[in-house]
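Each chain is listed here by its residues.
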There are 2 protein chains.
Amino acid sequence: MRPTLVVDETIRSITPADQSWRAQAVQRIHTLTMPTWALGRLLDLAADLAAMTRSLAPPVERRAVVVMAGDHGVVAEGVSAYPSEVTAQMIHNFTRGGAGINVLAEQARARVVVVDVGVAGDLSDLARSGAVQSRRIAPGTRNIARGPAMTREEAGRALAIGLEVAATQSPDTDLYATGEMGIGNTTPSSAIVALLCGADPREVTGCGTGIGEPARARKAEIVARAIAVNHPNSADPIDVLAKVGGYEIGALAGLILGAAAARKPILIDGFISTAAALLAQGLCPAAADYMIASHQSVEPGHRVALARLGKRPLLDLGLRLGEGTGAALAMPLVEAAVRVLTRMATFEEAGVTGDKT
Amino acid sequence: MRPTLVVDETIRSITPADQSWRAQAVQRIHTLTMPTWALGRLLDLAADLAAMTRSLAPPVERRAVVVMAGDHGVVAEGVSAYPSEVTAQMIHNFTRGGAGINVLAEQARARVVVVDVGVAGDLSDLARSGAVQSRRIAPGTRNIARGPAMTREEAGRALAIGLEVAATQSPDTDLYATGEMGIGNTTPSSAIVALLCGADPREVTGCGTGIGEPARARKAEIVARAIAVNHPNSADPIDVLAKVGGYEIGALAGLILGAAAARKPILIDGFISTAAALLAQGLCPAAADYMIASHQSVEPGHRVALARLGKRPLLDLGLRLGEGTGAALAMPLVEAAVRVLTRMATFEEAGVTGDKT
């Protein structure tokens, strides 16, 4: 089947979250021994999870952080503080358990699934050992400042890879988190967010891994140039992905669609993941029902992107690491929401007098 | 020894967090495989923990949520949506594991320690079985709208109870959290915050467990009246506690001082806990070094109190339950900060190229 046919078929299978399950969850929450909605957004999350999973005991125990990795031709323009070889080096670090995402996923009892969608460096050793899933489209995208990142066919393949990873992981996964690794990937993400949110590139381009202000201004010019050179159709998410995106960003959009199709919650990490979530939302608005915004990063475009997605993030800790770290940090809050819904006593069970009003 | 002597002695033993340990933690963090300070406030927290505990591997595994409970004579003025008997009912709920704090503390691998400092209802069965520590000063405070909540001697005893609980728990506790139960206790907390922050009672009085707007305005008038009737000396925290406080609030202030004396981190829960933290800070400014603000509640006075404390909360989830629930929800973030500090690989160990700049 052609990649875009798989994508189309998945999109058709996605249904919105079920509001009747939300209503049942809300009803139960009102019987629990606390003042009305006294756990605030944790209870909103509990109701969201019930609606996503069609359950008053939403399963969230089996957890996977899927780290999609790819490189970016636009790094040649000097947009990052790090060279492209760091992508492959960090993937080796992931497979040895030394990175931020390993440490935080272990705490959250989540496995880390690393997928090479288009890393420039050599990962054949890790592919052979099975430490990394090798689904390489190409050794990095082309330079978006000069032409399209990839062909439309490659964009469809990136999406299809994400769908396939979701399909493979789903039998063992209740709760997904998005992660990514790709030196330079805040640049295509800024371009995607600018296009899908109708924002000025200067407003949605940040310091990424930590470039200073003059470098940030140059990076914003590169983003503007990528849009001017490629003139993507902002009403066509696949065109946006092909012209100014990245392989790992497309694969993340596919993963999100796959999770939504399986009616499983997916924690969206930071700026790059949210750019992917916007592509998924553009392809299928109902998919947004299955997304949980995990945190507000320091990238200025992240706030714009989350607003477009209609999501309020759970955490705001000044993170800008990516890898899925913010999503892993939010996993205990998802578990807490489920525990409150399923384990707290009701006023009746506990013999507690209710609100006088 | 007289209660105030115990308090004075503890205060003298509290030393500020050690900045040389902070500096060592910061140095280590800069070697870890991530862009500079890319986990933001999680890294600030890691450095804080190193400075508190004088360790690059701050122990945080053995966790206790200490729930101080007491009733409030001011409930007679109609300040709460619930009657005072709910305090004792909820304590029964705590001992059966059905309350929000039970569910969230279990997830955080924290034990819940419940102390009756002055509950109006009968808890003798729970005291006999050992489910609740009975340290009753009186069956609830007197009505602060008409006179002082307690004597100065009782205020000293409340503080001393907190110190003793900390001393008893410390051999088995690395990380504390404050919790409380006491119908009506946002009213004395608003009075304490108004006095210690120099704020207008109308600005720092909220809806508590969920009274509506006209009731909130009346509650603010009660807070103003309590201050006018008792004219506490805002430069004397014990006078403030005695005149407009509560037994559980005093015991929490003592617990916080006890944790600081033991150089152990203590997560401050919501509005009432933060009022207690302000008393502790007033008695010993260095004690604030050991406090971690867990969340921003919806009580309007909480923001004012946290600003005075000089703390930025980790979470902002619209909570207003108390019991220690927000502090329990923040425990995984404390654990995450320690894991990052102790378990991530360095650039050298991982063979990753550093920042080009």
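First, a word on what this report is: a plain description of the structure on this page. (Residues numbered from 1 in each chain as written. Chains lettered and ligands numbered in written order. Predicted model: local features only at pLDDT ≥ 70, side-chain atom pairs only at ≥ 80, totals over all residues. Heavy atoms only, no water.)

## Some thoughts on the sheet that holds strand E6 (residues 291–293) of chain A
Residues and elements named next belong to chain A.
Right, on to step 1. Taken together, the six strands give an open sheet; going across it, the order is E3-E2-E1-E4-E5-E6, and neighbouring strands pair in parallel fashion. Of all the strands in the sheet, the pair left with one neighbour each is strand E3 (133–134) and E6.
Right, on to step 2. By the bridge criterion, two bridges tie strand E2 (residues 110–118) to E3 in an arrangement that is parallel. Residue pairing for E3: Val115 is matched across the bridge by Gln133.
Right, on to step 3. Against the sheet, helix H4 (residues 85–96) contacts strand E1 (63–70), E2 and strand E4 (175–181), and its axis sits at roughly 140° relative to E4.
Right, on to step 4. Helix H5 (residues 100–107) contacts E1 and E2 of the sheet and is inclined by roughly 145° relative to E2. (Pairing = 2+ DSSP bridges. Helix = DSSP H or I, 4+ residues; strand = E, 2+ residues; numbered from the N terminus. Contact = heavy atoms within 4.5 Å. Axes fitted to C-alpha atoms, helices over the stretch in contact; angles between N-to-C directions.)

## Regarding the packing of helix H7 (residues 152–169) of chain A against helix H10 (residues 237–244) of chain A
Residues and elements named next belong to chain A.
Right, on to step 1. Contact pair H7 / H10: the axes reach a minimum separation of 8 Å and the direction vectors enclose 105°. One finds that H7 runs roughly perpendicular with respect to H10. Facing Arg152, Ala155 and Leu159 of H7, the residues of H10 in contact are Ile238, Asp239, Leu241 and Ala242.
Right, on to step 2. The residue makeup of the contact of H7 with H10, split by class, is five nonpolar, no polar and two charged. (Parallel < 35°, antiparallel > 145°, perpendicular 65-115°, else oblique. Nonpolar A, V, L, I, M, F, W, Y, C, P; charged D, E, K, R; others polar.)

## Looking at unusual backbone geometry
Right, on to step 1. With phi around 55°, Arg109 of chain A is a residue other than glycine that occupies positive phi space.
Right, on to step 2. Relative to the helices and strands, Arg109 of chain A is located in the loop between H5 and E2.
Right, on to step 3. One non-glycine residue with positive phi stands out, namely His231 of chain B, at about 25°.
Right, on to step 4. Within the secondary structure, His231 of chain B sits in the loop between helix H9 (213–230) and helix H10 (237–244).

Such coordinate-based values are descriptive only and should not be taken to indicate function.
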